[in-house]
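Single-letter residue listing:
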Amino acid sequence: MLRAVGAAVTLPWLEAMQPLSVLAVTPKRPKLRAGYLYFPNGVAKGSWEPDKVERDGRLRRLNKWMKELEPYKKDILIGHNIWTPRGNGHGAGTATWLTGGSYSGSRVSAGGASVDQIIARHVGRDTMLPSLEMSMRGEGYFSNSLPRNSISWVNSKLPSTRDINPRTIYDRMFRKASEGVTDKGVIDLVNDQAKSLKRRVGQADQRKIDEYLEALRAVEKRMEFAEKQTGKSELGQAEAIEFKRPPVGIPEDHETYMRTMMDLMVLGFWSGATRVGSLMLDHGQSNRYFDFIDGVRGTWHALSHYRDISGKTEDDDGINSWKTVSQKRDMYNAVTAWHHRQFAYMLGKMKSIDEGNGSLLDNTMLLYGSSLGDGHAHGEENLPVIFAGGGGGTVRSGRYLKYRRNYSLSKYHLATMQRMGVPVEEFAEVDSPMSGLTKHV
Amino acid sequence: MGLIRGINRSRGTWLALCLIFVGLAKGLAAEVDGVALMESYCLDCHDGETQKGEVNLEAALEAKPLVKNLDLWKTVISRVENGDMPPKKKDQPSSREKKALLEWLDHEVVQFDYSTVEDPGYEPVRRLTHIEFSNTIRDLLGLDMNLVADFPIDLSGKSGFDNSANTLFLQPILMERYLGAIDKAVEAAAPLKVAPNKKSPVFVAWPSDEGEEPEAARKIINRFLLRAFRRPPTKHEEGEVRTIYDRSREKGESFAMGMRRALGAALVSPAFLLKSEQAKDTDESYRVDEYELASRLSYFLWASMPDDELFRLAAEKRLAKPDVLARQVTRMLADPKSDTLGSVFAAQWLGFDALGVRVRLDPIDNPWCTDTLMAAMKKESAMGFASLIRDNKPLTELIQSKTTYVNEELAKFYKLKGVKGDEMRLVAHTDKRRYGLFGQASVLAVTSSPYRTSPIRRGEWILDSLLGTPPPPPPPDAGELDEDIEDNRKLTFRQKLEMHSKDPRCYSCHREMDPLGFSLENYDWFGRWRTKSRGRSIDSKGRLPSGTEFEGPIGLREVIVDEKLDDLARQVTRKMLSYALGRQLEYYDEPAVRKILSAFKKDGHRMQTLLREVCASYPFHFRKNPVNADSEKNKTVADNG
């Protein structure tokens with residue numbers, strides 16, 4: 001059933017999503033999408049403030065670390081004083097970035113479902129995949145730490161499993177189903193067995209059986225979806241977007257890998273395979289080496305403790321040292337800027353896809369940011385966040401959202417859910433959406 | 001109301017209530033004092049509303065017995081003892097009050113009488129870990145294939161073992177991988193063109209003509225379901241799987257194809273993928289049945305399914321008999337499948353499973369650090385631990401063993417001569433300093449930063465992971481190394497750390513942690529012996545709070561064996577029981593821990609005694625339905641990290 005057939009891969013149901021240069025204009029605005037791009041370790045103080053801002057908040061010039069984002073300054077909102085009052089730290093902060101809750105390691109609880117999973121529950125039944133959870137493969141210490149690798153939570157105790165493999169992500173979205181030994185009859189049988197198992201086990205275990213059943217149902221649904229798509233026209237998808245089925249394995253080059261993953265999210269949104277997705281650009285305490293960037297030495301986490309140049313912070317490696325704080329901070333900023341460059345690449349891709357009523361970017365709400373503020377101070381205040389995309393005409397982009405006091409990220413999550421059509425009035429600790437998305441703050 | 005009804009319901013409850021009343025009367029005066037003192041000095045900030053530092057002592061005070069939140073209360077005791085809490089700017093208890101509070105806490109927490117507790121806990125339903133899945137498929141189908149290479153990795157949380165039910169999730173992505181792996185497995189197990197391997201554990205019958213097919217199918221399916229579900233299938237289950245086969249045959253597919261479909265269906269079933277036990281509708285604790293016991297045994301000792309002998313004993317209802325069980329444990333430990341006690345249990349307990357994930361070097365500057373070397377380092381520690389059990393050695397051998405396992409590459413790394421080839425083999429150390437666990441590169445590397453040793457991390461690893469006596473978390477306002485200390489470049493790292501540790505609040509933990517870690521300073525961050533670090537001679541002398549002075553790894557070994565053996569034995573017991581039960585231990589497991597420990601000690605800490613006692617323990621044979629799924633609500637310490 002899940003085995004792939006044939007090597008010639010096409011995206012068979014994409015004709016409905018043809019760029020408008022090829023197909024007739026769809027009068028209806030395409031549906032809104034929501035995306036989340038997480039990066040760890042915070043940023044250096046001062047690197048998130050634009051150089052020049054108009055009186056009404058419009059962005060005039062970003063700063064030197066953000067210069068890759070300069071071409072997109074009309075498509076983004078830069079946050080200031082955004083915080084997560086209940087979650088902090090490399091582990092707890094990561095796990096609760098999208099839940100607005102607080103984390104408990106002993107109970108394995110993120111305090112609630114995450115915003116992407118709540119959206120998926122409401123809008124996901126109409127798409128091939130309810131949501132897409134992707135991560136860059138971890139490197140170094142903490143690569144298998146649960147909280148540091150989990151931003152998406154189906155419920156407070158159930159983190160969504162994330163995929164790190166471009167090929168399998170692609171296949172889940174675009175490959176046709178084929179027949180394996182497990183067919184529809186088998187699915188019926190195991191459904192039946194799960195139900196009788198449910199009677200056999202105790203009350204406390206019902207949830208685990210439900211988890212099994214839901215996983216099975218998700219696979220079943222995806223198969224049915226794929227089934228419906230096969231046989232549809234394979235017309236001219238090639239002009240629309242250049243994207244080949246990724247090769248097996250993880251690309252060696254970090255930039256190639258990251259851009260492939262970003263492409264997959266763009267492709268998922270554009271093709272309609274899913275409307276909500278998240279990508280962890282690294283795990284919550286990444287100690288990856290970025291020495292492929294000119295002039296950068298040491299691990300990301302070590303660099304994030306930029307005010308300590310002793311060479312003795314937790315992830316310092318003993319061979320790299322810094323003469324001055326500003327030298328170490330520059331390296332830290334260079335790592336941040338490198339990520340901005342990848343983010344700019346993704347924004348460019350999304351902007352170039354015309355959906356008739358604006359670009360794909362115009363019809364998306366993207367959150368890009370971290371769960372730590374200043375990386376050295378480890379704070380949950382003044383988080384580096386950028387809200388990108390036009391929200392289907394519901395966001396006034398291109399401004400600096402300079403809140404004077406701490407302003408909860410949960411308000412952004414609530415605003416996104418409401419725009420995505422989720423009937424909610426409150427989320428985590430807030431009961432009103434972020435007003436700054438349309439108004440001057 | 002509830003009380004009266006409770007008394008009427010059973011004599012057992014009445015007895016329990018009496019005991020509680022006696023206990024209350026004994027500690028009554030102390031109780032009133034303690035709670036009142038907590039209210040005046042702690043709950044201003046740590047009540048349910050403020051929960052300063054996310055510590056809610058109000059809720060913790062209500063969670064009786066207090067040992068339910070043992071770790072939290074231990075931290076409270078150490079904070080109050082050291083004068084960190086209440087903070088200086090808040091009202092301070094008089095010295096008499098402080099004494100009374102500490103006495104009360106000691107009475108309630110440290111001296112708690114566990115003999116009043118009788119609760120075996122509950123092993124929740126969980127999916128198989130990837131290792132268990134892989135091993136089970138191997139034993140069930142007689143296949144040696146790597147089916148889990150592209151599975152999303154098992155993440156780990158607080159318990160430290162990846163077989164803990166609360167971190168084993170089954171999400172759509174994994175379900176898809178399961179289906180793919182199962183497809184591959186049944187294809188390999190039931191080839192279409194040729195008769196299956198004679199040794200196949202699946203095809204206990206094979207039809208020579210069409211007439212024999214129905215009977216062969218019945219035999220194969222019946223036996224397969226018993227083994228795949230690890231219990232006899234119900235008639236209904238058997239009928240369903242049989243239908244899959246029949247339908248395939250009706251479509252005109254071959255016998256082998258029909259078998260593939262039937263086996264595949266059984267493997268996708270939750271009865272295979274999930275490890276579950278039958279619930280009884282009772283508030284009392286109850287025995288797990290014989291088949292469940294067989295699975296508990298096999299997943300503990302083999303990380304795989306039960307074999308035919310276990311199934312037979314379960315069918316005869318003899319497995320739970322103490323003498324039969326003890327013999328089975330001995331038999332199972334002699335089987336190479338028990339290697340998982342080294343490669344899974346010890347690897348996760350001692351942390352060396354993370355090697356290779358944590359330490360990844362560029363191959364240009366460090367050509368010596370290869371994947372094969374790291375694999376050999378891990379294997380050395382895993383095989384060493386497994387052999388302690390197989391050869392029934394005393395626990396002290398973990399620390400002192402004069403032999404180890406190496407291959408050519410690792411032998412070269414240790415400067416051992418005369419070892420050729422990739423095979424790991426037993427060798428005797430020629431260098432005394434390398435004896436035992438502390439000489440093994442695997443644990444020395446995982447407790448270091450890349451390129452740099454971390455005496456604190458090593459000290460903490462010894463205290464926390466190895467001995468189970470973690471230092472309390474640093475006081476809330478403890479900084480990292482002071483900047484002016486750091487700036488003083490003339491000092492050695494050790495001198496700087498010592499200055500930092502002189503701060504009395506830091507000192508209480510560091511005086512224990514640091515000497516342990518510094519005694520291993522002669523091993524560099526990858527476990528290579530050195531006498532100098534950055535041009536300075538290494539000082540590996542230390543002095544414990546007990547006054548004992550020691551030096552280097554040899555001294556450390558003596559300290560552990562002479563002064564810390566009870567801690568080590570207790571820790572290995574707790575970890576082993578936690579791994580055996582697939583859950584974190586709770587306060588009510590303490591009576592079982594103590595019972596195992598006393599038998600273990602009486603036998604000179606021989607490892608097989610530990611294993612047998614764990615398998616004979618109360619929680620290993622019994623379970624009790626939890627009051628409600630969220631009964632752990634009262635755990636209040638947040639873990640920011």
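Just so it is clear, the model here is predicted, and its values are computed rather than measured.

Reading guide: rules and limits
- Residues numbered from 1 in each chain as written.
- Chains lettered and ligands numbered in written order.
- Predicted model: local features only at pLDDT ≥ 70, side-chain atom pairs only at ≥ 80, totals over all residues.
- Heavy atoms only, no water.
- Helix = DSSP H or I, 4+ residues; strand = E, 2+ residues; numbered from the N terminus.
- Buried < 20%, exposed > 50% of the residue type's maximum accessible area, 1.4 Å probe, protein only.
- Contact = heavy atoms within 4.5 Å.
- Buried area = accessible area lost by both parts, 1.4 Å probe.
- Salt bridge = Lys/Arg side-chain N within 4 Å of Asp/Glu carboxyl O.
- Polar contact = N/O pair within 3.5 Å; in protein donor to acceptor, adjacent residues only side chain to side chain.
- Nonpolar A, V, L, I, M, F, W, Y, C, P; charged D, E, K, R; others polar.
- Phe/Tyr/Trp six-rings, centres within 6.5 Å; stacked < 30°, edge-to-face > 60°.
- Lys NZ or Arg CZ within 6 Å of the ring centre and 35° of its normal.
- Core = buried A, V, L, I, M, F, W, Y, C linked by side-chain atoms within 4.5 Å.
- Expected span 1.5 Å × (residues − 1).
- Arc of directions from axis to C-beta.
- pLDDT = per-residue confidence, 0-100.
- Pairing = 2+ DSSP bridges.
- Axes fitted to C-alpha atoms, helices over the stretch in contact; angles between N-to-C directions.

1. A short note on the overall build of chain A
Part 1 of the argument: Across its full length, chain A carries 9 helices and 11 strands.
Part 2 of the argument: With 441 residues in all, chain A has 63% of them scored as buried.
Part 3 of the argument: Excluding contacts between residues fewer than 6 apart, the proportion of contacts in chain A whose partners are at least 24 apart in sequence is 74%.

2. Concerning the interface of chain B and chain A
Part 1 of the argument: Residue-level contacts link 73 residues of chain B with 74 residues of chain A.
Part 2 of the argument: A per-residue breakdown of the area chain B buries against chain A is headed by Phe169(B), Ile173(B) and Glu176(B), which together make up 9% of the total.
Part 3 of the argument: Summed over the shared surface of chain B and chain A, the result is 3 salt bridges.
Part 4 of the argument: A salt bridge links Glu176(B) to Arg172(A), with the shortest nitrogen-to-oxygen separation between them at 3.7 Å.
Part 5 of the argument: Counting every contact that joins chain B to chain A gives 13 residue pairs in polar contact (both at pLDDT 80 or more).
Part 6 of the argument: Contributions of two or more residues to the side of chain B that touches chain A are made by α8 (172-189), α10 (235-250), α11 (255-268) and α12 (270-273) of chain B.
Part 7 of the argument: Of all the elements, α8(B) adds the most residues to the side of chain B that touches chain A, at 10 residues.
Part 8 of the argument: Looking at side-chain class alone, the side of chain B that touches chain A contains 31 nonpolar, 14 polar and 28 charged residues.

3. Re the packing of aromatic side chains
To describe a pair of aromatic rings, one takes the distance between the centres and the angle between the planes.
Part 1 of the argument: Enumeration over the complete set of coordinates arrives at 35 aromatic pairs over all chains.
Part 2 of the argument: Ring plane angle 65° and centroid distance 5.8 Å describe the contact between Phe413(B) and Tyr414(B), whose orientation is recorded as edge-to-face. Taken individually, Phe413(B) and Tyr414(B) each receive the classification buried, so the pair is uniform in this respect.
Part 3 of the argument: An aromatic cluster of three or more residues is present, and its members are Phe161(B), Phe300(B), Phe345(B), Trp349(B), Phe385(B), Tyr579(B) and Phe620(B).
Part 4 of the argument: The lysine or arginine in question, Arg148(A), covers the ring of Phe142(A), its NZ or CZ lying 3.8 Å from the ring centre.
Part 5 of the argument: The side chain of Lys337(B) reaches across the aromatic face of Trp302(B), ending 3.9 Å from its centre.

4. Focus on the nonpolar core
Part 1 of the argument: Formed by 72 residues in total, the largest nonpolar core has its most connected members in Leu297(B), Phe300(B), Leu301(B), Trp349(B), Ile462(B) and Leu466(B).
Part 2 of the argument: Of the residues forming this core, the biggest block, 9 residues, is contributed by helix α26 (residues 565-581) of chain B.
Part 3 of the argument: Ile187(A), Val190(A), Ala185(B) and Leu225(B) belong to the second largest nonpolar core, which has 66 residues in total.

5. Notes on helix α9 (residues 213-229) of chain B
Part 1 of the argument: If you check α9(B), its first and last C-alpha atoms are 23 Å apart, about what 17 residues at 1.5 Å a residue would give, namely 24 Å.
Part 2 of the argument: The complete set of buried residues in α9(B) reads Glu213(B), Ala216(B), Ala217(B), Ile220(B), Ile221(B), Phe224(B), Leu225(B), Arg227(B), Ala228(B) and Phe229(B). Angularly, the buried residues of α9(B) cover 165° about the axis, an arc narrow enough to put them on a single face.
Part 3 of the argument: Buried positions along α9(B) lie against α4 (184-200) of chain A together with α7 (130-141), α10, α11, α12 and α14 (308-315) of chain B.

6. A look at the confidence of the model for chain B
Residue and element names in this part refer to chain B.
Part 1 of the argument: Model confidence for chain B is summarised by a mean pLDDT of 86, while 85% of its residues fall at 70 or above.
Part 2 of the argument: Below pLDDT 50 for its whole length, residues 1-19 participates in 5 contacts with residues either more than four positions away or in separate chains.
Part 3 of the argument: Across residues 629-641, where pLDDT falls below 50, the model places 37 contacts with residues more than four positions away in sequence or in other chains.

7. A closer look at the pairing of strand β9 (residues 364-369) of chain A
Residue and element names in this part refer to chain A.
Part 1 of the argument: Most of β9 sits out of view: 6 of its 6 residues are buried.
Part 2 of the argument: Neither face of β9 is open: one carries Thr364, Leu366 and Tyr368, the other Met365, Leu367 and Gly369, and all of them are buried.
Part 3 of the argument: Looking at chain direction, strand β1 (residues 33-38) and β9 are connected through 6 bridges and run parallel. Within the sheet, the bridge partner assigned to Arg33 lies in β9 and is Thr364.
Part 4 of the argument: Here β9 pairs with strand β10 (residues 385-388) via 4 bridges, running antiparallel. What sits directly across from Leu366, in β10, is Ala388.

8. Comments concerning the environment of Glu238(B)
Part 1 of the argument: Within the fold, Glu238(B) resides in helix α10.
Part 2 of the argument: For the pair formed by Glu238(B) and Phe224(B), sequence separation is 14 residues and the distance between their alpha carbons is 9.9 Å.

9. Examining the environment of Ser454(B)
Residues and elements named next belong to chain B.
Part 1 of the argument: As for its placement among the helices and strands, Ser454 is situated in the loop between α20 (441-446) and α21 (455-466).
Part 2 of the argument: Considering only alpha carbons, one finds Ser454 and Phe518, 64 residues apart in sequence, at a separation of 8.7 Å.
Part 3 of the argument: Those residues within four positions of Ser454 in sequence are excluded, and the remaining contacts are Thr447 and Ser448.

10. Structural notes on the sheet that holds β10(A)
Residues and elements named next belong to chain A.
Part 1 of the argument: One open sheet accounts for 7 strands, arranged β5-β8-β1-β9-β10-β4-β11; its pairing is mixed. Only two strands of the sheet have a single partner each, and these edge strands are β5 (132-135) and β11 (399-408). Across the sheet, the mean angle from the axis of one strand to that of its neighbour is 15°, orientation sign disregarded.
Part 2 of the argument: Across 4 bridges, the pairing between β5 and strand β8 (residues 276-280) is parallel. Counted as the bridge partner of Leu132 is Gly277 from β8.

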